[in-house]
Amino acid sequence: MRLLISPDNVDEAVVCAAAAEFLDIVDVKKPDEGSLGANYPWVIREIRGVVPEDKPVSATLGDVPYKPGTVAQAALGAAVAGATYIKVGLMGCVTTDQGIEVMRGVRRAVKEYNPDALVVASGYADAHRVGCISPLAVPYIAEQSGSDVAMLDTAIKDGRSLFDHLPVDVCARFVELAHEAELLAALAGSVKIEHLAALTAIGTDIVGVRGAVCEGGDRNRGRIRPQLIAVFRAEMDRHGVTVG
């Protein structure tokens, strides 16, 4: 399982670079703009410059509306800025067809620029609270659009985790559907150390965290600390999680 850490500025990315041996993907986001808030292209570029070359950089495009052209242009911008994982939060999509249309545009924009980049379709474990597509529809959307990764996060960051909204068996089904479609399965959403046993057991490919490696567990006011990244990684290894 790969460990994805989400700094929100260049200074935090430098911290991640100092702890690069413990993580696998550096994910650029802007938490004050939402669950998958998009940061500026120049921030993506600067973070790409400070992160070791062998560590891929991921960038979120935001909790996007159902505006396929707008989202495709944003995706290309993130790719040009240096991201090789392009992550889309399908907040504004209420049907699978809408999700597929958005993600097909993203895939084309990204892959025409960099065929090796990975496109991530992200839904929300608490979709019922924001009125978007069902979590279990995301692997189908990712498959039909030619994306590479199906992901779940939480839309509302109020301390409740992925597993507070979806039972472990439903998350396991999400991972199973992704794998049946030959996709990677990524799970995030106020994930804590105590969730690693379940994430390992269901075969998660990528686990995404921020608050768990921030001071006080606070994703907004706390700052990422290298010792917390090391502790989180050690617990992953204790559960038999390997980088892959």
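Below is a short write-up of the structure. Remember, it's a predicted structure, so these values are computed and weren't measured experimentally. For every chain, the first residue of the written sequence is number 1, and numbering continues from 1 along that sequence. For this predicted model, a pLDDT threshold of at least 70 governs which residues receive local features, and a threshold of 80 or more governs which side-chain atom pairs are given and counted, while totals over whole chains, interfaces and linings are taken from all residues. Note that the side-chain values use all heavy atoms of the structure and ignore hydrogens as well as water.

## Thoughts on the environment of cysteine 132
Residue position: cysteine 132 is located in the loop between α5 (127-130) and α6 (138-145). Each C-alpha atom, one on cysteine 132 and one on tyrosine 85, is 23 Å from the other, the two residues being 47 residues apart in sequence. In contact with cysteine 132, not counting residues within four places along its chain, are Leu90, Met91, Cys93, Tyr124 and Ala127. Secondary structure follows DSSP: runs of H or I at least 4 residues long count as helices, runs of E at least 2 residues long count as strands, and numbering of each begins at the N terminus. Every residue pair with non-hydrogen atoms within 4.5 Å of one another is taken to be in contact.

## So, helix α4 (residues 96-113)
Think of an α-helix as 3.6 residues a turn; residues three or four steps apart then line up on the same face. How far a helix is expected to stretch is found by multiplying one less than its residue total by 1.5 Å. The end-to-end C-alpha separation of α4 is 26 Å, in line with the 26 Å expected for 18 residues at 1.5 Å each. Burial classification: accessible surface area is computed with a 1.4 Å probe over protein chains only, and a residue below 20% of its type maximum counts as buried, one above 50% as exposed, and the rest as partly exposed. Buried within α4 we find Gln98, Gly99, Ile100, Val102, Met103, Val106, Ala109, Val110 and Lys111. The inward-facing, buried residues of α4 abut α3 (68-80), β4 (85-89), β5 (118-124) and α6.

## Some remarks on the nonpolar core
For this analysis, a nonpolar core means a set of buried residues of the types Ala, Val, Leu, Ile, Met, Phe, Trp, Tyr and Cys, connected via side-chain atoms within 4.5 Å. With 66 residues, the main nonpolar core has Ile5, Ile86, Val88, Leu90, Val106 and Leu187 as its most contacted residues. At 5 residues, the largest contribution of residues to this core is made by α4. When near neighbours in sequence (up to four residues on either side) are disregarded, valine 106 contacts Val71, Ala72, Ala75, Ile86, Val88 and Val119.

## Concerning unusual backbone geometry
The phi dihedral of glutamate 182 falls on the positive side, at around 60°, and the residue is not glycine. Here glutamate 182 lies in the loop between α8 (168-180) and β7 (184-188). Given a relative accessible area of 76%, glutamate 182 falls into the exposed group.

## Let's talk about the pairing of strand β2 (residues 25-28)
Because side chains alternate across β2, one face comprises the buried residues Ile25 and Asp27, and the other comprises Val26 and Val28, equally buried. When strand β1 (residues 2-5) meets β2, the two strands line up parallel, connected through 2 bridges. Directly across from leucine 4, in β2, lies its bridge partner isoleucine 25. Crossovers are marked right-handed if the path from the first strand over the helix to the second runs clockwise, as seen with the strands pointing away from the viewer. You can see the chain leave β1, run along helix α1 (residues 10-18) and come back into β2, and the turn it takes is right-handed. Here, a strand pair is defined by DSSP locating no fewer than two bridges between the strands. The pairing of β2 with strand β3 (residues 57-63) spans 3 bridges and is classified as parallel. In the strand pairing of β3, aspartate 27 is matched with serine 58. Running through helix α2 (residues 41-50), the crossover from β2 to the neighbouring parallel element β3 is right-handed.

## As for α1
Every buried residue of α1 is accounted for by Glu12, Ala13, Val15 and Cys16. What you see down the axis of α1 is that its buried residues fit within an arc of 155°, all on one side. Opposite the packed face of α1, turned more than 90 degrees from it, sit the exposed residues Asp11 and Ala18. Those residues of α1 that are buried lie in contact with β1, β2, α2 and α10 (226-238). Pairs of N or O atoms within 3.5 Å make up the polar contacts considered here, provided that, within protein, one atom can donate a hydrogen while the other can accept it, and that residues adjacent in sequence are counted only when both atoms are side-chain atoms. Between the side-chain oxygen of the N-cap and the backbone nitrogen of aspartate 11 there are 3.2 Å, and the N-cap of α1 in question is asparagine 9. Think of the arc as the fan of directions from the helix axis to the C-beta atoms.

## Re the packing of α3 against α4
A pair of packed helices can be characterised by two numbers: the angle between their axes and the separation between those axes. Axis definition: a line fitted to C-alpha atoms, over the contacting stretch in the case of helices. Angles run 0 to 180 degrees between N-to-C directions. Where α3 contacts α4, the two axes come as close as 8 Å, and the packing angle between them is 30°. As the angle between them shows, α3 and α4 are arranged roughly parallel. Note that α3 runs across α4; the crossing there is right-handed. In this structure, α3 contributes Pro68, Val71, Ala72, Ala75, Leu76, Ala79 and Val80 to the contact, and α4 contributes Glu101, Val102, Gly105, Val106, Ala109, Val110 and Tyr113. Three categories are distinguished: nonpolar for Ala, Val, Leu, Ile, Met, Phe, Trp, Tyr, Cys and Pro, charged for Asp, Glu, Lys and Arg, and polar for the others, with Gly belonging to the last. Residues that form the contact of α3 with α4 fall into these classes: 12 nonpolar, 1 polar and 1 charged. Roughly parallel means an angle under 35 degrees; roughly antiparallel means over 145; roughly perpendicular covers 65 to 115; every other angle is labelled oblique. By definition, turning the near helix anticlockwise from the far helix through less than a right angle yields a left-handed crossing, and turning it clockwise yields a right-handed one.

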